[in-house]
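Results of the structural survey
One-letter residues, chain by chain:
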Amino acid sequence: MTAVLEIAGLVRRFGGLTATDNVSLTVMPGEIHALIGPNGAGKSTLINQICGELRPDAGAVRLMGRDITAATVPERVALGLGRTFQVTSLLDEMTVRANIGMAVAAREGRTFRLWDRLAGRASVWAEADALLRGTALEPRAAVVVRDLSHGEKKQLELLVALARRPAVLLLDEPMAGLGHAESQEMIGRLAEVGRTTPMLLVEHDMDAVFALATRVSVLVYGRIIAQGSPDAIRNDPAVREAYLGAEDELA
Amino acid sequence: MSILLIEQALNGVQYGVTLFLLAAGLTLIFGIMGVINLAHGSLYMIGAYAGMYAAAETGSFWLGLPVALAAAAVAGLAVEALVIRRLYNRDHLDQVLATFALILMANQAIILMFGRQPIFTRLPAGFDGSVQLLPGLAYPTYRLLIIAVGLAVAAGLWLLINRTRVGMLVRAGATNRDMVRALGVDIRLLYTVVFGLGALLAGLAGYMAGPIGAVQVGMGEQILLATFVVVVVGGVGSIRGAFVAALILGVVDTMLRAFLPTLLRQVMTPAEADQLGIGIASMGIYLLMALVLLIRPRGLFATA
Amino acid sequence: MRAVILILAAAALLALPFAAQAAGQPALITLATRIAVYAIAAASLNFILGYGGMVSFGHAAFFGLGAYTVGVMFHHAGAGPMFGLIPGTTHLLVTIPLALAVSGLAAAAIGALSLRTGGVQFIMITLAFAQMLFFLFVSLTTYGGEDGLIIRRPNEFLGLNLRDRVTMYYVALGFAAAFFLILWRIVHSSFGAVIQGIRQNERRMAALGYAPYRYKLAAFVLSGMGCGLAGALMANVLRFTSPDLMHWTKSGELIVMVILGGLGSFFGPVFGAAAFLILETYLAGWSEHWPLALGAILLVIVLFTRGGVAGLIARIGGALQR
């Protein structure tokens with residue numbers, strides 16, 4: 001079975017600092033692969049290389065067996081790599097519905113048109129409405145993103161990414177800044193999405209990681225120090241020592 | 001021919017160091033504060049007018065110099081305190097508009113005070129002659145003075161940036177503004193110092209350029225546009241880039257203007273050659289910029 | 001409601017020459033013509049500046065190229081073909097498409113290079129390239145060099161006499177109306193939405209799969225063509241063209257018009273152009289040092305208001321209601 005996403009021997013240096021030190025990992029079909037690590041472990045640097053915002057010094061990124069190391073961000077997206085941003089990054093002056101519509105239109109293509117009417121593209125808006133239906137954002141569809149709460153923006157991040165129907169989804173701390181109830185809701189939502197879409201989940205919230213992940217990788221100082229099932233990671237003494245220090249956090 | 005070549009090359013270096021004096025300030029101000037200052041050329045003009053006025057009143061070129069520097073620095077600090085300081089967190093468009101407004105005002109204020117006519121100033125005593133550099137090459141001492149001053153300033157800036165605490169902050173500020181703030185440095189003071197220094201250098205360049213060309217309204221914008229090309233080619237934020245680019249562009253511009261029409265005369269009529277030659281020569285540095293952008297979009301010495 | 005306002009505005013614009021002549025102010029007709037033409041240029045700039053977030057400080061270059069297209073074609077209609085190959089022409093239906101092509105090609109070249117970087121470099125590079133074209137036309141003595149080129153007869157257009165100021169007004173108005181209709185379609189198209197998305201968040205748009213560069217370049221070219229159209233019309237209004245039309249201060253003035261009208265507001269540039277030209281006309285009549293006052297006004301607007309004249313009026317209105 002080919003991995004949906006494969007990262008092989010990725011290296012990235014900043015001056016004397018090796019932020020990504022020979023990192024390899026895979027996301028298999030049906031898998032939710034969690035990437036955890038303390039602050040400064042190099043998670044953001046790694047994500048940016050997978051998405052194409054940053055070029056690695058060495059190594060390769062493959063999407064469904066295809067080498068995308070040299071591809072640009074939009075090219076990777078078109079090939080099926082979806083992502084959410086840790087600090088929400090949306091079209092702030094557009095409505096919730098329009099944000100999803102722009103994602104749907106991007107997937108449908110035909111956006112280099114000067115003489116159509118975006119508002120009149122029925123297929124785009126039908127799909128945007130379908131994505132919104134049943135979510136907590138449905139009654140907020142006409143609200144401009146600037147006026148959303150943090151939790152709502154986090155939900156929209158996910159919806160926008162799903163609108164592109166990604167083959168694999170990169171989630172950059174989807175729980176960050178969410179309250180307890182919102183977190184529980186997000187976990188449920190991600191579990192649902194995970195049934196159809198494999199994910200690489202970068203997360204600090206250990207509850208979420210152990211509730212969702214089928215496999216966990218631990219990144220410390222740019223290096224993967226352990227990889228395995230959630231239970232194995234939970235009981236790995238090296239992980240406890242190097243990453244957590246305090247034992248109770250993994251409990 | 002070779003004597004002429006050397007002479008024009010020296011002229012190019014002289015123009016280049018003048019460009020550097022302006023570009024250094026501009027690139028520092030942008031690199032550290034993230035502000036684009038179109039009115040930098042106005043400081044150059046203010047230095048030239050203030051110094052010229054003082055020199056005419058006192059009869060001494062050298063007494064004009066401190067006045068030029070002080071006027072440009074004071075104008076610069078006033079602009080920083082009253083306008084630029086409000087724009088640090090605004091987008092570039094607001095900065096462009098506000099400093100464009102300053103240009104309009106500065107030019108009119110100068111016209112009100114000194115009129116529209118270009119003013120020609122005399123060379124300072126002791127530097128009004130020329131020296132025999134090579135057999136057959138007598139070169140004006142004043143131009144040599146400008147070259148020397150420009151190189152001295154470049155060396156001074158290098159020392160300042162690489163050997164002092166202020167320089168360390170400047171370097172840190174150019175790469176990471178938040179880090180400097182986190183160090184507990186009074187960033188506002190650093191900004192003021194850098195802006196004042198940039199203004200000082202602009203005033204120096206303006207005053208020294210006075211006797212070579214003419215002191216006139218619009219002199220600032222003319223050289224400012226060439227300075228932009230220097231900053232873009234050198235890489236925004238890089239002093240070293242500004243120095244290298246200023247010298248290259250100064251020499252290229254001067255050489256093209258001096259020799260291109262003559263060269264074209266070999267293949268076409270003199271009238272056509274002059275027209276085409278001057279046309280291409282005046283576009284030369286911009287075409288060079290286009291070339292650099294094709295190869296290195298962020299400039300030769302881009303910092304990031 | 002909007003339709004009523006549009007109809008009333010159209011009626012007022014159509015009636016303007018009669019009102020001006022009845023009031024004994026025929027100079028107003030020429031002023032209105034210039035406003036219509038500059039509105040086209042400012043709205044073109046607003047398309048990339050207000051909608052697309054690209055701060056071009058070189059748009060006067062395209063305006064000037066449009067004007068020179070008319071001037072140079074007129075020159076060669078009298079003086080024989082350009083390079084012995086390209087015949088001149090005095091027909092508006094030829095010079096306008098030609099002006100669109102010339103300014104579009106120049107915008108493609110300048111845009112392709114300057115859009116390789118962003119932010120402050122983009123501003124400096126557009127400014128520098130515009131200045132390069134300015135120097136080029138200053139050095140072209142065949143076309144009058146620094147002094148410019150006099151166009152003794154305006155272009156021929158459907159048998160109309162463009163020398164007549166009322167006729168020229170209606171022609172300019174017609175072009176402006178068509179232009180704004182087209183612009184309306186583009187702003188509300190898929191392409192227009194992508195351009196606005198790129199301004200709001202370029203990183204997000206890339207993550208949605210849009211490649212920003214080609215959209216921005218296309219918008220830059222369209223915007224340059226709009227300025228070229230305005231320039232070609234202006235050459236017919238002034239019956240003159242000179243490097244001054246592409247001077248860097250003209251680029252600044254176009255930005256000022258956009259700002260005065262309110263960034264990214266569809267009809268804002270019309271009001272911005274009107275405000276600027278009326279201000280210029282009256283300040284210039286009052287003192288030759290009017291740029292001093294203009295600078296001061298601009299500075300106050302930038303430092304103390306947001307959203308241009310429209311925003312200023314809204315704020316004053318808000319303050320009065322309190």
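Rules and cut-offs
- Residues numbered from 1 in each chain as written.
- Chains lettered and ligands numbered in written order.
- Predicted model: local features only at pLDDT ≥ 70, side-chain atom pairs only at ≥ 80, totals over all residues.
- Helix = DSSP H or I, 4+ residues; strand = E, 2+ residues; numbered from the N terminus.
- Rg over C-alpha atoms; globule rule 2.2 N^0.38 Å.
- Buried ≥ 20, exposed ≤ 12 C-beta atoms within 10 Å, placed from the backbone.
- Contact = placed C-beta atoms within 7 Å.
- Core = buried A, V, L, I, M, F, W, Y, C linked by C-beta atoms within 7 Å.
- Pairing = 2+ DSSP bridges.
- Axes fitted to C-alpha atoms, helices over the stretch in contact; angles between N-to-C directions.
- Nonpolar A, V, L, I, M, F, W, Y, C, P; charged D, E, K, R; others polar.
- Parallel < 35°, antiparallel > 145°, perpendicular 65-115°, else oblique.
- Left-handed = near helix turned anticlockwise from the far one by under 90°.
- Expected span 1.5 Å × (residues − 1).
- Bend = angle between axes of the 7 residues up to and from the residue.
- pLDDT = per-residue confidence, 0-100.

A word on the overall build of chain C
- Helices and strands together make up the secondary structure of chain C, namely 13 helices and two strands.
- Its C-alpha atoms give chain C a radius of gyration of 20 Å, near enough to 20 Å, the size a compact globule of 322 residues would have.
- Residue burial in chain C is summarised as follows: out of 322 residues, 54% are buried.
- Long-range contacts, defined here as pairs at least 24 residues apart, represent 76% of the contacts in chain C between residues at least 6 apart.

Focus on the overall build of chain B
- Counting its regular elements, chain B contains eleven helices and two strands.
- Its helices and strands in sequence order give chain B the pattern α-α-α-α-β-β-α-α-α-α-α-α-α, from N to C terminus.
- Its C-alpha radius of gyration of 20 Å places chain B within 12% of the 19 Å reference for a compact globule of 304 residues.
- Taken over the C-alpha atoms alone, chain B extends approximately 65 × 50 × 35 Å along its principal axes.
- Across the 304 residues in chain B, those meeting the buried criterion constitute 51%.

Comments concerning unusual backbone geometry
All names here are of chain A.
- We note that Met64 has phi near 50 degrees; this positive angle belongs to a residue other than glycine.
- Mapped onto the fold, Met64 is located in the loop between strand S4 (58–63) and strand S5 (66–67).
- Even without a glycine there, the phi angle at Glu173 is positive, about 50 degrees.
- Of the residues examined, Glu173 has 21 C-beta atoms within 10 Å and is grouped as buried.

A closer look at the nonpolar core
- Within the largest apolar cluster, 278 residues are counted, with the highest numbers of intra-cluster contacts made by Ala72, Val229, Val230 and Ala246 of chain B together with Ala128 of chain C.
- At 16 residues, helix H2 (residues 27–51) of chain C tops the list of elements feeding residues into this core.
- Excluding its chain neighbours within four sequence positions, the residues that come into contact with Val229 of chain B are Leu249, Ile285, Tyr286 and Met289 of chain B together with Ala128 of chain C.
- Core analysis: the next-biggest nonpolar cluster, separate from the first, contains five residues, Leu260, Leu264, Ile278 and Ala281 of chain B among them.

A word on the pairing of strand S2 (residues 17–27) of chain A
All names here are of chain A.
- In the sheet, strand S1 (residues 5–14) pairs with S2 via seven bridges, with the strands oriented antiparallel. In the sheet register, Arg13 faces S2, and the bridge partner there is Thr18.
- Linkage of S1 to S2, two consecutive antiparallel strands, is achieved through a turn of two residues, within which Gly15 is found at a positive phi near 60 degrees.

A few points about the sheet that holds strand S3 (residues 32–36) of chain A
All names here are of chain A.
- A sheet is described by the order of its strands in space; here six strands give the open sequence S6-S7-S8-S3-S9-S10, paired in mixed fashion. One side of each edge strand has no neighbouring strand; the edge strands of this open sheet are strand S6 (81–84) and strand S10 (223–228). The average undirected angle you get between the axes of adjacent strands in this sheet is 20 degrees.
- Here helix H1 (residues 43–51) sits on the sheet and contacts S3, S6, strand S7 (168–172), strand S8 (199–202) and strand S9 (215–220); the angle it forms with S7, its principal contact strand, is near 150 degrees.

Considerations on the sheet that holds S2 of chain A
Residues and elements named next belong to chain A.
- Taken together, four strands build an open sheet; the order of strands is S2-S1-S4-S5 and the sheet is antiparallel. Edge strands, defined here as strands with exactly one partner in the open sheet, are S2 and S5.
- Pairing geometry for S4 and S5, over two bridges, is antiparallel. Along S5, the bridge assignment pairs Arg62 with Asp67.

Quick word on the interface of chain C and chain B
- At the interface, 35 residues of chain C touch 38 residues of chain B.
- Among the secondary structure elements, those contributing two or more residues to the side of chain C that touches chain B are helix H5 (119–139), helix H10 (248–261) and helix H12 (290–304) of chain C.
- Looking at which element gives the most residues to the side of chain C that touches chain B, the answer is H5 of chain C, with 14 residues.
- In terms of residue class, the side of chain C that touches chain B is made up of 25 nonpolar, nine polar and one charged.

Some points on the interface of chain C and chain A
- Chain C puts 19 residues into the contact, and the matching count from chain A is 26 residues.
- Elements represented by at least two residues in the side of chain C that touches chain A include exactly helix H6 (165–187), helix H7 (190–200) and helix H8 (202–208) of chain C.
- Ranked by residue count, the leading element in the side of chain C that touches chain A is H7 of chain C, at six residues.
- Residues belonging to the side of chain C that touches chain A are distributed by class as follows: nine nonpolar, seven polar and three charged.

Some details on the packing of helix H9 (residues 219–234) of chain B against helix H10 (residues 239–264) of chain B
All names here are of chain B.
- Contact geometry for H9 and H10: axes closest at 8 Å, N-to-C directions at 125 degrees. The orientation of H9 relative to H10 falls into the category oblique. Seen from above, H9 lies across H10 with right-handed handedness. Two secondary-structure elements touch here, H9 through Val229, Val230, Val231, Val233 and Gly234 and H10 through Gly241, Ala242, Val244, Ala245, Ala246 and Leu249.
- Residues of the contact of H9 with H10, tallied by class, amount to nine nonpolar, two polar and no charged.

Section: the arrangement of the chains
- Most contacts, compared over the two pairs of chains touching, are made between chains B and C.
- What separates chain A from chain B at the closest point of their C-alpha atoms is a distance of 11 Å, and the two make no contact.

Let's talk about the environment of Gly220 of chain B
Residues and elements named next belong to chain B.
- With respect to the secondary-structure elements, Gly220 resides in helix H9.
- Here the alpha-carbon distance between Gly220 and Met45, two residues 175 residues apart in the chain, equals 5.2 Å.
- Those residues in contact with Gly220 that lie beyond four places of it in its chain are Gly41, Ser42, Tyr44 and Met45.

Topic: H1 of chain A
- Counting buried positions along H1 of chain A gives seven out of nine residues, so the element sits mostly inside the fold.
- Taken from the residues just after H1 of chain A, Gly52 of chain A is the one with a positive phi, measuring 100 degrees.

Considering the environment of Met175 of chain A
Residues and elements named next belong to chain A.
- Along the chain, Met175 falls in the loop between S7 and helix H6 (180–194).
- For Met175, a count of 20 C-beta atoms within 10 Å puts it in the buried group.
- The sequence separation of Met175 and Val202 amounts to 27 residues, and the corresponding C-alpha distance is 9.7 Å.
- Setting aside residues up to four positions removed in sequence, Met175 forms contacts with Ser183, Met186, Glu203, Asp205 and Ala208.

Concerning the environment of Arg83 of chain A
- Looking at the secondary structure, you find Arg83 of chain A in strand S6.
- Accessibility expressed as a C-beta count within 10 Å gives 26 for Arg83 of chain A, which makes it buried.
- It is 8.6 Å that separates the C-alpha atoms of Arg83 of chain A and Glu157 of chain A, two residues lying 74 residues apart in sequence.
- Not counting the four nearest positions on each side in its chain, Arg83 of chain A is found in contact with Cys51, Ala161, Leu170 and Asp172 of chain A together with Ala207 of chain C.

Digging into H2 of chain C
Residues and elements named next belong to chain C.
- Between the first and last C-alpha of H2 there are 34 Å, a value that for 25 residues agrees with the 36 Å anticipated at 1.5 Å per step.
- Residue Leu45 marks the point of greatest curvature in H2, where the axis turns by about 30 degrees.
- Summarising burial for H2: 21 of the 25 residues are buried, a large majority.
- One or two steps after H2, the chain reaches Gly53, where phi turns positive at roughly 70 degrees.

Focus on the confidence of the model for chain C
- The predicted model of chain C has a mean per-residue pLDDT of 91, with 95% of residues at 70 or higher.
- Across the assembled chains, the prediction reports ipTM 0.94 with pTM 0.93.

A few points about the pairing of strand S1 (residues 130–134) of chain B
Residue and element names in this part refer to chain B.
- Summarising burial for S1: zero of the five residues are buried, a small minority.
- Sheet topology note: the S1/strand S2 (residues 137–140) ladder contains four bridges and is antiparallel. If you follow Gln132 over to S2, its bridge partner there is Ala138.
- Connecting S1 to the antiparallel partner S2 that follows it, the hairpin turn spans two residues, and Gly136 within it adopts a positive phi of roughly 90 degrees.

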